[in-house]
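Architecture and fold: a report
Listed below are the residues making up each chain.
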Amino acid sequence: MVLNPNDVFVVPRGVEHCPKAEDEVHAILFEPKGTINTGDAGGDMTATLQELD
């Protein structure tokens, strides 16, 4: 599946997925609080948690 600018896609709960891109992208991911993901691994590539106002 290819998404274009301003497209939205909802991955159903429990479906394994692996998003990828050929070029740099800006994406917003919404997950339930407490969701464990690879961002919890730590290291140079891990961003800090940011709360939205």
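Relevant structure appears above.
In this report, we go over the structure that sits alongside the text. (Residues numbered from 1 in each chain as written. Predicted model: local features only at pLDDT ≥ 70, side-chain atom pairs only at ≥ 80, totals over all residues. Heavy atoms only, no water.)

**Considering the overall build of the protein chain**
Selection criterion: A run of H or I in DSSP becomes a helix once it reaches four residues, and a run of E becomes a strand once it reaches two; helices and strands are each numbered from the N terminus. Three labels apply to residues, based on accessible area from a 1.4 Å probe with only protein chains included: buried if under 20% of the type maximum, exposed if over 50%, partly exposed otherwise in between. All accessible-area figures derive from a Shrake-Rupley calculation using a 1.4 Å probe, and residue coverage is judged against the displayed protein chains alone.
Secondary structure summary: the protein chain contains 0 helices and 0 strands in total. Here the protein chain holds 53 residues, and the buried ones make up 0% of them. By element, 55% of the accessible surface of the protein chain is carried by carbon and sulfur atoms, the whole surface being about 6,300 Å².

**Quick word on a nonpolar patch on the surface**
Let me state the cut-off plainly: Only residues above 30% relative accessible area that lack a salt bridge enter a patch, with like-charged residues linked at up to 9 Å and the nonpolar side chains Val, Leu, Ile, Met, Phe, Trp and Tyr linked at up to 5 Å. Note on definitions: salt bridges are taken to be side-chain nitrogens of Lys or Arg within 4 Å of carboxyl oxygens of Asp or Glu.
On the surface, M1, L3, F9, V11 and V15 cluster together into a nonpolar patch covering about 500 Å² of accessible area. On the accessibility criterion, L3 (48% relative accessible area) is partly exposed.

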